[in-house]
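Fold and geometry: a report
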Amino acid sequence: MRYLKVFMNGIIKENPVLVMLLGTCPTLAVTTTAANGLGMGIATMFALVFSNVVISLLKSVIPRQVRLPCYIVIVAGFVTFISFMLQIIPWLYWLYESLGLFLPLIAVNCIIFERAEAFASKNNPFISLIDGLGMGTGFTLALFIMGTAREILGAGSWMGYEISIGEIPPMMIFGLPAGGFFMYGIIIAAVGKLTKKPVRTIGCENCPSRATCKNFTAGEADK
Amino acid sequence: MNEEKKAVSLKFEQFKPAIVLSVIIALVGFVLIVCVGLIPDTSGIITEKLMVKCAELMGEGEYELVTDWEEAGYKIAKPREVEKLIVKDDKSVAFEIITSGFNKDALDILVAMNKDGSVRGVAVAAISESPDQSKKVSAAEFLDRFKGKSGEIVIVGRSPESDGEVEGITSATISSKAIAEAVNIAIETYAEMGVPN
Amino acid sequence: MFTYVLPVAFFIIIGFAVGIILTAANHVFEVKTDNTVKKLMECLPEINCGACGFPGCEQYAAAIAAETVAPNHCKPGGEKAAAQISEVLGIAVSASEPEVAFVHCSGSGAEKYIYAGTESCVASEMYYNGKELCRFGCVGLGDCVKVCPNGAIHIEGTRAVVTPGKCIACGLCVKACPQKLITLQKSRQLTNVLCGSKDTAKITKSACKSGCLGCKLCEKKCPKGAVTIKDNLAVINGDLCSNCGKCTEVCPIKCIVVRDCKSATKSSWLL
């Protein structure tokens with residue numbers, strides 16, 4: 001089913017954080033704890049889904065020359081709305097405090113933009129909704145994994161509960177930006193390895209780039 | 001006639017992007033204004049958040065918000081810098097003061113006063129500076145430095161040499177100064193407002 | 001609540017101004033692109049595989065628009081792309097019957113000088129029509145080999161030979177050969193003349209023992225009238241030729257050959 005394919009696309013094949021490497025700023029900044037990562041992911045997913053749907057509904061109205069300002073205004077509107085919600089609802093206030101500065105930064109998150117430009121502006125609203133959900137879920141999962149790894153190794157806890165790995169004390173570096181980058185790189189490599197498709201070899205003679213290939217010299221037999 | 005129409009519609013086409021953008025901005029702005037309007041007004045009550053901080057600084061008890069200062073018997077009206085005046089059943093007093101640090105109106109501070117006009121305690125009700133700074137200046141370790149102060153406080157970068165000096169957090173100077181500003185406002189207001197009869 | 005009306009109004013005005021500026025900028029800084037090329041590009045699959053012989057779909061579209069290449073070279077696009085392109089261009093295009101290149105030279109001639117210059121047929125051809133005695137002969141320095149994207153052509157001795165199974169009929173070798181000895185023909189045409197010399201019989205004979213003399217024996221013998229002599233050279237019309245091989249029997253020089261049919265139908269495209 002096409003909808004399932006689009007949904008799973010955002011989680012595995014084109015995961016925004018781990019494959020497309022979009023939205024790395026909030027990823028690195030917010031994943032000091034798993035709970036923060038989860039919260040940021042969900043907040044971004046809301047903004048992504050709503051803006052995808054609205055932009056898809058307006059795709060025939062927005063002229064090409066001003067599409068970027070229009071997208072920004074729409075996304076920023078939703079992010080402001082989410083920011084209000086977080087401030088008002090008491091049991092969500094902890095998220096507002098922990099996200100802090102990165103809540104308004106959701107408005108300029110690359111992921112939301114890329115989906116608006118590449119998908120929502122070219123597809124119908126329902127499938128844009130599915131795509132938003134898929135990408136948002138992929139983003140949340142990636143952030144949750146990062147947050148978990150960094151929290152367990154860096155602070156010796158998970159979701160607020162103390163966890164200790166044997167005799168190893170928590171290493172503060174994983175809570176700092178440098179450690180965040182390390183962890184990010186490791187997770188990207190691991191995910192890349194796990195989702196690698198086998199490469200189909202076609203050999204030199206079928207390669208369309210043969211004419212410009214450095215390894216090919218005139219008159220040489222096939223390699 | 002047809003040519004005129006064509007010329008006019010051509011003109012409209014050129015304005016279409018600007019018009020669409022303005023309309024979208026207007027719509028989004030309108031929706032946001034409505035949302036802001038729906039936020040409940042908390043200027044007349046002690047919010048739960050604030051209540052928790054009050055209990056932290058002054059203990060359990062009955063708390064009341066003073067809305068009209070002169071009517072309550074104070075010498076001055078509510079100064080602009082002070083948000084709320086909270087009085088406990090045992091007559092102890094606390095101020096909610098909002099100051100600007102790096103970001104405008106980023107620090108929401110509760111300052112509890114002793115009867116002699118010295119600082120009983122400082123708590124951070126809400127703060128929206130950058131995450132690192134926010135965490136550092138909200139720590140008890142820093143806020144406890146204000147306890148007992150009664151004169152004007154200046155933030156210094158080293159150990160305090162006099163009573164009027166408090167050591168700030170090195171990487172959060174602006175936020176530290178904002179808290180000191182709040183405390184100074186509290187001390188000054190307490191001195192001016194007197195005791196109700 | 002009303003304090004927010006003023007900022008939003010301000011925002012609207014800014015938005016309007018920005019809209020105007022962007023529209024103006026879009027108009028002023030517009031890059032003129034040929035519309036035909038854009039339309040043609042939409043017909044192509046845009047995977048930039050190079051099967052057509054061009055580096056990318058955009059270059060192929062540009063070449064089609066400039067009418068320098070046939071519109072049916074796109075292999076992944078296949079018949080569908082060819083049909084769409086013909087619609088855009090307003091011409092009738094048939095999906096390509098498989099074609100292969102053929103080098104019309106046996107390379108049996110001697111050299112007239114020893115060439116020690118740049119290893120390029122074009123360079124050698126600038127000096128007295130190339131290093132071969134026959135002024136039409138294949139120079140054999142491999143310009144065609146260099147441009148072939150599939151390695152379908154190689155030098156054997158002093159002449160170029162096409163491997164029909166690998167040829168994708170992109171036509172690049174046809175353009176590269178300075179002697180114009182390579183032609184593209186339908187792959188079902190197995191009979192070919194191994195000579196491109198338009199010289200008279202006397203001159204051809206002195207230059208190469210395998211050169212076509214223009215004796216017309218093949219023309220007379222051909223049951224379909226597919227062979228004609230033009231400018232002292234036998235030319236085979238692929239539409240009429242039935243590969244009966246009678247011309248090859250009668251040729252005194254044996255410069256007409258019938259290719260092995262197995263190599264003719266093997267597709268080079270394993271994709």
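Computed from a predicted structure; not experimentally measured.

1. Describing the side chain of Glu132 of chain C
All names here are of chain C. Along the chain, Glu132 turns up in the loop between helix 5 (121-125) and helix 6 (143-147). Judged by its relative accessible area of 5%, Glu132 is buried. One polar contact links Glu132 to Lys131, side chain to side chain, over a distance of 3.3 Å. Leaving out residues up to four positions away in the same chain, Glu132 has contacts with Gly109, Ala110, Glu111, Lys112, Gly137, Cys138, Val139 and Thr158.

2. Focus: the interface of chain B and chain A
Interface size is commonly expressed as the accessible surface area that is lost when the partners come together. The interface is formed by 16 residues belonging to chain B together with 18 residues belonging to chain A. For the pair chain B and chain A, the two sides together bury roughly 1400 Å², of which 86% comes from carbon and sulfur. For chain B, the biggest contributors to the area lost against chain A are Pro17, Leu21 and Ile24 of chain B; these three give 29% of the whole. Where chain B packs against chain A, one counts zero salt bridges. At the junction of chain B with chain A, the criterion picks out zero residue pairs in polar contact (both at pLDDT 80 or more). For the side of chain B that touches chain A, the secondary-structure elements that each account for two or more residues are helix 1 (2-38) and strand 5 (119-127) of chain B. Broken down by element, the residue count for the side of chain B that touches chain A peaks at ten residues, all from helix 1 of chain B.

3. A short note on helix 9 (residues 177-194) of chain A
Residues and elements named next belong to chain A. Compared with an ideal rise of 1.5 Å per residue, which puts 18 residues at 26 Å, helix 9 spans 26 Å between its outermost C-alpha atoms and is within 8% of the ideal. Along helix 9, the residues classified as buried are Gly179, Gly180, Met183, Tyr184 and Ile187. The arc that holds the buried residues of helix 9, viewed along the axis, is 140°, so those residues lie on one side. What points out from helix 9, more than 90 degrees from its buried face, is the exposed set Phe181, Ile186 and Lys193. Residues of helix 9 that are buried sit in contact with helix 2 (24-30) and helix 8 (125-155).

4. Focus on the pattern of salt bridges
Tallied over the full model, the rule gives 17 salt bridges over all chains. The shortest N-O distance in the salt bridge between Asp90 of chain B and Lys88 of chain B comes to 3.7 Å. Under the relative-accessibility criterion, Lys88 of chain B is labelled buried at 8%. Linking Lys146 of chain C and Asp143 of chain C is a salt bridge whose minimum nitrogen-to-oxygen distance equals 3.7 Å. Remark: Asp143 of chain C and Lys146 of chain C occur in helix 6; sequence separation between them is three residues, near one turn of the helix.

5. What to know about the packing of aromatic side chains
Enumeration according to the criterion identifies nine aromatic pairs over all chains in this entry. Ring centres 5.1 Å apart and planes at 80° place the aromatic pair Tyr3 of chain A and Phe126 of chain A in the edge-to-face group. Of this pair, Tyr3 of chain A sits in helix 1 (residues 2-13) while Phe126 of chain A is found in helix 8, placing the two residues 123 residues apart along the sequence. Of the residues examined, Tyr3 of chain A reaches a relative accessible area of 32% and is grouped as partly exposed. Judged by its relative accessible area of 45%, Phe126 of chain A is partly exposed. Summarising the aromatic geometry, the rings of Phe142 of chain B and Phe146 of chain B are spaced 5.4 Å apart at their centres and angled 90° between planes, so their arrangement reads as edge-to-face. The residues Phe142 of chain B and Phe146 of chain B share a single accessibility class, namely buried.

Conventions used here
Residues numbered from 1 in each chain as written. Chains lettered and ligands numbered in written order. Predicted model: local features only at pLDDT ≥ 70, side-chain atom pairs only at ≥ 80, totals over all residues. Heavy atoms only, no water. Helix = DSSP H or I, 4+ residues; strand = E, 2+ residues; numbered from the N terminus. Buried < 20%, exposed > 50% of the residue type's maximum accessible area, 1.4 Å probe, protein only. Polar contact = N/O pair within 3.5 Å; in protein donor to acceptor, adjacent residues only side chain to side chain. Contact = heavy atoms within 4.5 Å. Buried area = accessible area lost by both parts, 1.4 Å probe. Salt bridge = Lys/Arg side-chain N within 4 Å of Asp/Glu carboxyl O. Expected span 1.5 Å × (residues − 1). Arc of directions from axis to C-beta. Phe/Tyr/Trp six-rings, centres within 6.5 Å; stacked < 30°, edge-to-face > 60°.

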